[in-house]
Amino acid sequence: MRRKNEPEAGPAPAGPPLSSQAPPRAPPQPHYGSDQNCPAKAGRSSTACRKRPRWRQPPPPGTEATPLPQPGAPPQRELASGRGRGRGFERESPHRPAYPVLLPRFKLERRGVRAEVVLRFLLQPPSSRKAQVAARADTHAHTRWPSRAASDPALWRRPAAPPPWVGGRSQGEREARAGAAPAVGRTPPRRHVCPGSGGAVVVAELLWLGPVEVERRLWRPGTPDGGAPAPRRPGPPAPADQRLEPQLPLRPRALSPASSSFPGTKAGMGGGVRALLHQGFGDSAWLSSGQLGPRESVNSFPPAELLFRPETSGANENPAVATGESRVHCSYLEKKLLLVFIFDLFLHRYTSNSPSYHIFSTRSTIKLEYEGPSFSEWSVPGTCSVKNKSSPQTELRCSSPGIHTIKPLVVGPDSEEERSLSVESSHICFLWYYRVITLFHSYTQIIVTWIHDPENVDPDELLQIAQEPSPNSRILTKELATLGQQPIIFTPLKKNIYYPDSKMKNGTWHISLPMSIDDVIKQIKGNQVAFQDCFISDIIFLLTFPLLTMPEIPGLLPITSPRGSQLITFQSSCILSSVVVVAEMETFQTNDSFRTWTRIRVPPHILTDDERHNVSRVSLSWDGIFFLINGILYIRTFTAFTRLGTNYNLPSRGITGITARKWCWVKYTTKNNQTSVVTVWTENELYLGYLSLKFVKLIATEKLKSFLNISPTDTLTIHNVAYLSHPLELALLLSYCTTCTINKKIYMVIYNEDTQQWTKQDFALDVTSDTFLSAQFLYSAFPDVLLWDKHRIYYCYQNFTEIGIIETPTEFGNLSRLSQNSTIHEIFIDYYGNVVVKMENNIMFYFKANIRNALKLHVWINSTLKSSTSMTTSGLMYFIYVFENGTVRPQEYPLRLEAESVTFNIKEKCPYVAFLNNIFSVFYFLDKGQNVSIWTQIVYPENVGLYIVVESYGPNILQQKDQVHYEIALGHCTKTMAITFFQTINYEAVDDYFKLQQENTGLLLIHIRPSASARMCPIAQKVFQIAAGCDPSKRIAVKGFNKECLQHDFYYNIEKSYLRNKPSKNLRVKYNWKEYGCPLRLDFGAKFHPEIQLYDENGYVEDVEVNFIVWEIHGRNDYSFNNTMKKSGCLNEAQTWKSMIELNKHLPLEEVWGPENYKHCFSYAIGKPGDLNQPYEIINKSNYNHLVWPVDHSGMYVFRVKILDPNYSFCTLTAIFAIETFGMIPSPSGYLVAALLFLLMLLFFSILVLSYFHYMRVYKQYIYEMLNKDEKK
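For every chain, the first residue of its written sequence is number 1, and the numbers climb from 1 along that sequence. Owing to the predicted nature of the model, reporting of local features is limited to residues with pLDDT of at least 70; listing and counting of side-chain atom pairs is limited to 80 or more, with chain, interface and lining totals taken over all residues. The side-chain numbers reported here are obtained from all heavy atoms of the structure, hydrogens and water having been left aside.

A.B. asks: Please provide a residue-by-residue account of the overall build of the protein chain, values included.
C.D. replies: Secondary structure summary: the protein chain contains 14 helices and 78 strands in total. In the protein chain, buried positions account for 52% of the 1273 residues. By definition, residues are in contact when any of their heavy atoms lie within 4.5 Å. Long-range pairs, those at least 24 residues apart, make up 65% of the contacts in the protein chain with a sequence separation of at least 6. Carbon and sulfur atoms make up 53% of the accessible area of the protein chain, which amounts to about 58,600 Å² in all. Every helix listed is a DSSP run of H or I at least four residues long, and every strand listed is a run of E at least two residues long, numbered separately from the N terminus. Burial classification: accessible surface area is computed with a 1.4 Å probe over protein chains only, and a residue below 20% of its type maximum counts as buried, one above 50% as exposed, and the rest as partly exposed. Surface exposure here means Shrake-Rupley accessible area, sampled with a 1.4 Å probe, where a residue is shielded only by the protein chains that are shown.

This is the structure we're talking about:
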């Protein structure tokens, strides 16, 4: 669809070849501007020809000397009809619009030599259609100098004054500065008239770069919309030998203040862009003529410009010496020398000392910056004060909160756009500052934190490189610590809390944290302590396991994107500070959001020079950095640069793309062991990549044809691939065509890695055969996606029920027409639903998720600067700038403030006042018998009629119960909705327990949002997961066991008669302290009732009250239970270990009995009658069933406990505990007793015999002594 009287956007009509219409050459003309008394052999730039400076030469004969208008001068003529009112111009009167001054730059290139020219246009009324140009050139080699004329109005206010860089101390200095370029000469002003332009006159004065033929690309004002070209102004006709007819027909493109597409000063073009040229330059139809070369050589220039080539008589003649009014033809460029306009954006920015503009209040110092020429002063409201009103860089303070309009005033007509800054009144004045100390030997990280005031800090603290607090920060920290301030670190993902050390050290707190790769989000929180009515704001930051950057090794070569291409950026999904940027001179990598960075280079002799400079895609994973070059995939690791081919199960050539996940889910469940981290594809095959460089072919287009019911003879190729916000799904854009010459159709299919199923979406888009669509899914429950080509953005909302084009106030969604015919470079989407569309010339558009129209943002970046967008660790947007000297610099971008400014100008309001909820986590587990309950509330003005929308995406496995409470008071309505998600499946005594579990487990994404929203609304959407299934962090433990005990090597024997399977010999067991834990010692007469407790990642959850079973893992069965089946209330015989082993002889002991085959005994319909006096071997918390130990021996028992209730958990919950009994003396062996008795008897008789002999010896001695005494007497 096109507007009435607007030309179609098709290709320009082709004309005959340039050579067939080449006009006759004019005879040689004298070189005006040179001294006629110069020696014949003297060069034009020699000192012999400098008696009369060339910039003071009189104009050549026959040239009309038209004075340049002074800055700020009123226009020479005004519109009588009043057309153009309301087009964004600041009016001098209610009926007479003013016309802006156009100040573009253009450069001259030839074999490394560049000239930078500053032009000044005065747009005159359509009746005269004049454009006057004063030009100055700056010539140099390979490096573009900042044009002084672009910032110094004095240079073009006095056209007779020489540019300071043309004059010099000597000819040698000028030649050295020009990089050995040809000698620079001066040309007089020359007047050209382009036929069919309605009398547009271009007066140009350029520096001559030697004997070369010049072709010029200058701007020609058009005619009003729908109007015919104005007649040529009166005057003598140009000489016949200088009339050049157009070689290519031009498509008329109106450009006047009355034109609807003419650039305005506010919403029209924005940021001071003052030109919109003829449509068509850069279009594929024109490029196909081959006269401009590859697209990369011109993609940085604004499209749709006219070409003017002055008539010359030869290559050795100065091309700008023709006198009089010469005709120039409006054709395409055919020579190697290129002179083009580069329209600089006149822009102004602002910054704040607070990181990420976190504090932007009446207490903040706002630093203003203007970039561009003609600056006069700042226009600010009376409630704000400026430090230096006439300085382009100054400071602003606003004493009252509200919306304050800030605008730079320029010399000349009022042409600068204004910003509406939202300044708050807040008691948040201070921030936490932190730095990290990594201790690898203990795998801990120490957070050193203190308090700082952003308005009174040292530069190191502003740059976030400070190692210790500044004096002001140290004093402030100690004052607040005296008042009771103390920080803690809270982790929202795992809900852990870490406290600082007991004492402060030099005005800082030290908090120790374990290194983690999954609990990466940290939040520093403090007490509610005020100092001079100011509080401290909590901060959220990302802290991962320390990451290493790839070293820069001498001798390696750079790897880059093609010359003239835009930046290629990839950001890690879960480590937002890790980014890779591929530029046309280097590849850069960072792990701290480009506070520091390194260059990624490759070894020589692996890639050719052309291959090294032809990176088309880049991706990042734990394995390394992937590069796609000429259809071949490479990976750069810390140690090597490797080509991935058939040895990695990938095609050796023909790879068309690689992508990785955009959104991060730290926790999610999957029925498979792993999910892919990257996706690689060719035109006909799709591969999934996993960690450790494992690639698996997923599908080919031949199978997709049968899935989509497409004829085998038709063409179906993989157009693009993108991951959804769902952590287990990815989408394929498929290109389908039959003849594939004009149009093709884009289909979309989604693959779920968990269920391994393909789903065709209700989506089909007709595009031209040469169109390429990029895709990016929003952070939402449904697969909401944005698709874009070079000019438009297509949206698919609400699970493909709402499909269309993102609209704009004008041009029917064609963003290129609103951005000087630039094309879309990239789209930034964050977790809050903000969408920023960045064009190649750095113009940006803004909208939000579920919003169908975009607004143009204020200009923030110069159009010539290479930039890309990324996300900070706080989830906010920032820019990455890559400069020509090979350096990188990040810059924070106040997206919230900029969005509020542009929406304030159109008076857009949010339909609701507040949207609240109690969803504090992005992931919830739903186990058997549990539910997830949340509430959400919306407050909105009366009679608006809003409601709360709850959307779920995933398998239909949960039931939902809603309860809405409604209130109305003081003109506002409040709706509160309580939502409960639950399951009611009974898993007991089913035929296939595991199949039923598999059917009722899965991952759901829940999205809660208001029924209507707007760009001005705060964070409205809330997306979270509910996983029905087993929580891997769940575990059970037996209460009452110590975790610390004296461990030693311990072996024990189990008597073979005590074992269940009756082996032939005793069993020797080594006690495993790590697995079994510390044993509990019990007297053999003490009964033991296990009490089971449930734990998860956050600690203790509850006492388990359901049924469970225990068994000795080594096969002992010399224990029993105190309860019988009859005493427990069984009506039929209950299950026992003996009966279950008989039924499942083919299974190991730990699998013969469990929740999958459990049947209770409390019903006559279940089981069969039997002996109810048997021990009841099932235990729970309330049945008082105990373990009973044997009284004739003691022993060591290692038990495993398992939850038996099938409706308790999706997990198989087990635990191990050990019991050691004591108190009974074991009965001795008979052999040992007999041996002991024998020894005792032997000892007795031995003593008896010895005593006899001893007695006899004593007796004999006594008798002998008595006899001797009698004889002596």
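A.B. asks: Provide a residue-level description of the side chain of Thr 491, including the pertinent values.
C.D. replies: Structurally, the position occupied by Thr 491 is in strand E25 (residues 488–491). By relative accessible area, which is 0% here, Thr 491 ends up buried. Among the polar contacts made by the side chain of Thr 491, one reaches the main-chain amide nitrogen of Asn 496 at a distance of 2.8 Å. Ignoring sequence-local partners within four residues, the contact set of Thr 491 consists of Asn 496, Tyr 498, Asp 519, Ile 521 and Lys 522. Pairs of N or O atoms within 3.5 Å make up the polar contacts considered here, provided that, within protein, one atom can donate a hydrogen while the other can accept it, and that residues adjacent in sequence are counted only when both atoms are side-chain atoms.

A.B. asks: I'd love a proper account of the pattern of salt bridges, names of residues and values included.
C.D. replies: By definition, a salt bridge exists where a carboxyl oxygen of Asp or Glu is found within 4 Å of a side-chain nitrogen of Lys or Arg. By the definition in use, this model includes 25 salt bridges. Note that Glu 951 is salt-bridged to Arg 1009, the shortest N-O span being 2.8 Å. Remark: Arg 1009 occurs in strand E66 (residues 1002–1010) and Glu 951 occurs in strand E63 (residues 948–953); sequence separation between them is 58 residues. A relative accessible area of 7% places Glu 951 in the buried class. Beyond isolated ion pairs, a larger network of salt bridges with shared partners links Arg 349, Glu 369 and Glu 371.

A.B. asks: Account for helix H6 (residues 471–482), naming residues and giving values.
C.D. replies: Under the convention used throughout, the expected extent of a helix is 1.5 Å for every residue step, that is, one less than its residue count. Its twelve residues give H6 an end-to-end C-alpha distance of 17 Å, which sits within 8% of 16 Å, the value for a rise of 1.5 Å per residue. Listed in full, the buried residues belonging to H6 are Ser 473, Arg 474, Leu 476, Thr 477 and Leu 480. Projected down its long axis, H6 carries its buried residues within an arc of 165°, all on one side. Set apart from the buried face of H6 by more than 90 degrees, the exposed residues are Pro 471, Ile 475 and Thr 482. The elements touched by buried residues of H6 are strand E23 (428–439), strand E24 (444–452), helix H5 (459–462), strand E27 (509–514) and strand E29 (535–537). Residue Gly 484 follows H6 closely and has a positive phi angle near 110°. Starting at the helix axis, one direction is taken to each C-beta atom, and the arc is that of these directions.

A.B. asks: How would you sum up the sheet that holds strand E38 (residues 624–629)? Please name residues and give values.
C.D. replies: The rule for pairing is simple: two strands pair if DSSP sees at least two bridges between them. The sheet built from four strands is open, its strands ordered E37-E38-E39-E40 with antiparallel pairing. Lying at the two open borders of the sheet, with one neighbouring strand each, are strand E37 (615–621) and strand E40 (641–644). Along the sheet, successive strands turn relative to each other by an average axial angle of 25°, direction set aside. By the bridge criterion, five bridges tie E38 to strand E39 (residues 632–636) in an arrangement that is antiparallel. By the bridge assignment, Phe 626 is partnered in E39 with Ile 635. Where helices are involved, their axes are fitted lines through C-alpha atoms of the stretch in contact, as for all axes, and angles between N-to-C directions lie from 0 to 180°.

A.B. asks: Describe the sheet that holds E63, naming the residues involved and giving the relevant values.
C.D. replies: Ordered by their spatial adjacency, four strands build an open sheet running E61-E67-E66-E63, and the pairing between neighbours is mixed. Looking at which strands have only one partner, the edges of the open sheet turn out to be strand E61 (923–926) and E63. Shown here is a sheet whose adjacent strand axes are inclined to one another by a mean of 25°, direction ignored. With four bridges joining them, E61 and strand E67 (residues 1022–1028) adopt parallel strand pairing. Bridged to Phe 923 within E67 is Gln 1025.

A.B. asks: Give a detailed account of a nonpolar patch on the surface, specifying residues and quantitative values.
C.D. replies: Each patch is built from residues lacking any salt bridge and having more than 30% relative accessible area; the joining distance is 9 Å for like charges and 5 Å for nonpolar side chains (Val, Leu, Ile, Met, Phe, Trp, Tyr). A contiguous nonpolar patch, built from Leu 1232, Leu 1236, Phe 1238, Leu 1239 and Leu 1242 and spanning about 500 Å² of accessible area, is present on the exposed surface. Along the chain, Leu 1239 falls in helix H14 (residues 1230–1272).

A.B. asks: Provide a residue-level description of the packing of aromatic side chains, including the pertinent values.
C.D. replies: Classification of ring pairs rests on two measures: the distance between centres of Phe, Tyr or Trp rings, Trp counted by its six-membered ring, which must be within 6.5 Å, and the angle between planes, read as stacked under 30 degrees, edge-to-face over 60 and tilted in between. Under the definition given, this model contains 49 aromatic pairs. Their ring planes at 25° and their centres at 4.1 Å tell us that Tyr 434 and Phe 541 sit as a pair that is stacked. In this pair, Tyr 434 is assigned in strand E23 and Phe 541 in strand E30 (residues 539–542), connecting sequence segments 107 residues apart. For Phe 541, a relative accessible area of 2% puts it in the buried group. Connected via pairs of aromatic rings, a cluster forms that spans Phe 1041, Phe 1088, Tyr 1119, Phe 1121, Trp 1189, Tyr 1197, Phe 1199 and Phe 1217. Comment: the charge-over-ring label is applied if NZ (Lys) or CZ (Arg) is within 6 Å of the ring centre and within 35 degrees of the ring normal. Above the ring of Phe 1210, the side-chain terminus of Lys 928 is found at 5.1 Å from the ring centroid.

A.B. asks: Hey, could you go over the confidence of the model for the protein chain for me, with residue numbers and the actual values?
C.D. replies: Per residue, pLDDT captures the predictor's confidence, and it can take any value from 0 to 100. When pLDDT is averaged along the protein chain, the result is 76, and 71% of the positions lie at 70 or above. Counted against residues more than four places away or in other chains, residues 1–345, with its pLDDT under 50, gives 728 contacts.

A.B. asks: Describe the nonpolar core, naming the residues involved and giving the relevant values.
C.D. replies: Buried Ala, Val, Leu, Ile, Met, Phe, Trp, Tyr and Cys residues form a nonpolar core when they are joined through side-chain atoms within 4.5 Å. Counting residues in hydrophobic clusters, the biggest one holds 88 residues, and the most contacted among them are Tyr 350, Leu 786, Ile 793, Val 837, Phe 847 and Trp 860. Broken down by element, this core gets its largest block of residues, five residues, from strand E51 (residues 793–797). Once you skip the residues sitting within four places of it in the chain, Ile 793 turns out to touch Leu 786, Leu 787, Trp 788, Gly 804, Ile 805, Ile 806, Leu 815, Ile 824, Ile 827, Val 837 and Phe 847. In terms of nonpolar packing, the next biggest core, distinct from the first, is built from 40 residues, Ile 1109, Phe 1121, Ile 1178 and Tyr 1197 among them.

A.B. asks: Tell me about the pairing of strand E28 (residues 521–525), and name the residues and values.
C.D. replies: Summarising the sheet, E25 and E28 pair through three bridges and their orientation is antiparallel. Within the sheet, the bridge partner assigned to Phe 490 lies in E28 and is Gln 523.

A.B. asks: Run through the environment of Asp 610, naming residues and quoting values.
C.D. replies: Locating Asp 610 in the fold gives a position in helix H7 (residues 609–612). For the pair Asp 610 and Ile 629, spaced 19 residues apart in sequence, the C-alpha separation works out to 9.7 Å.

A.B. asks: How would you summarise unusual backbone geometry if you had to cite specific residues and measurements?
C.D. replies: Backbone geometry places Phe 594, a non-glycine residue, at a positive phi of 65°. With respect to the secondary-structure elements, Phe 594 resides in the loop between strand E34 (587–590) and strand E35 (598–599). Using a relative accessible area of 2% as the deciding quantity, one classes Phe 594 as buried. Despite not being glycine, Asn 842 has its phi angle at roughly 75°, a positive value. Its place among the elements puts Asn 842 in the loop between strand E54 (834–839) and strand E55 (844–848).

A.B. asks: Please give an account of helix H9 (residues 895–905) that cites residues and values.
C.D. replies: Counting buried positions over the eleven residues of H9 gives eight, a clear majority of the element. Among all positions in H9, only Leu 895, Leu 897, Glu 898, Ala 899, Glu 900, Ser 901, Val 902 and Thr 903 are buried. Positive phi shows up at Lys 907, right after H9, with a value of about 60°.

A.B. asks: Run through the environment of Asp 784, naming residues and quoting values.
C.D. replies: Examined against the element boundaries, Asp 784 turns out to sit in the loop between strand E49 (774–777) and strand E50 (785–788). Ignoring sequence-local partners within four residues, the contact set of Asp 784 consists of Phe 777, Leu 778, Cys 796, Tyr 797, Gln 798, Asn 799 and Asn 850.

A.B. asks: Talk me through the side chain of Gln 485; I want residue IDs and the actual numbers.
C.D. replies: In this fold, Gln 485 is placed in the loop between H6 and E25. For Gln 485, a relative accessible area of 3% gives the class buried. A polar contact is formed between the side chain of Gln 485 and the backbone nitrogen of Asn 527, at a distance of 2.6 Å. Residues within four places of Gln 485 in sequence aside, it is in contact with Trp 432, Ile 451, Leu 480, Trp 509, Gly 526, Asn 527, Val 529 and Ile 536.

A.B. asks: With reference to specific residues and values, describe the environment of Ala 764.
C.D. replies: The topology assignment puts Ala 764 in strand E48 (residues 757–768). Taking relative accessible area as the criterion, Ala 764 reaches 46% and is therefore assigned partly exposed. Along the primary structure Ala 764 and Ile 746 are separated by 18 residues, whereas in three dimensions their C-alpha atoms are 5.5 Å apart. If near-sequence neighbours (up to four positions away) are discounted, Ala 764 is found in contact with Lys 745, Ile 746 and Tyr 747.

A.B. asks: Pulling in residues and values, what's your account of the pairing of strand E72 (residues 1092–1096)?
C.D. replies: Of all the five residues making up E72, four are buried; the element is thus mostly covered by neighbouring parts of the structure. Where strand E68 (residues 1035–1038) lies against E72, four bridges are found, and the strand directions are antiparallel. Bridge pairing links Ala 1037 to Gln 1093 in E72. Where E72 and strand E73 (residues 1099–1103) come together, four bridges link them in antiparallel fashion. Each residue of the ladder has a partner; that of Tyr 1095, found in E73, is Tyr 1100. Between the antiparallel neighbours E72 and E73 lie two residues.

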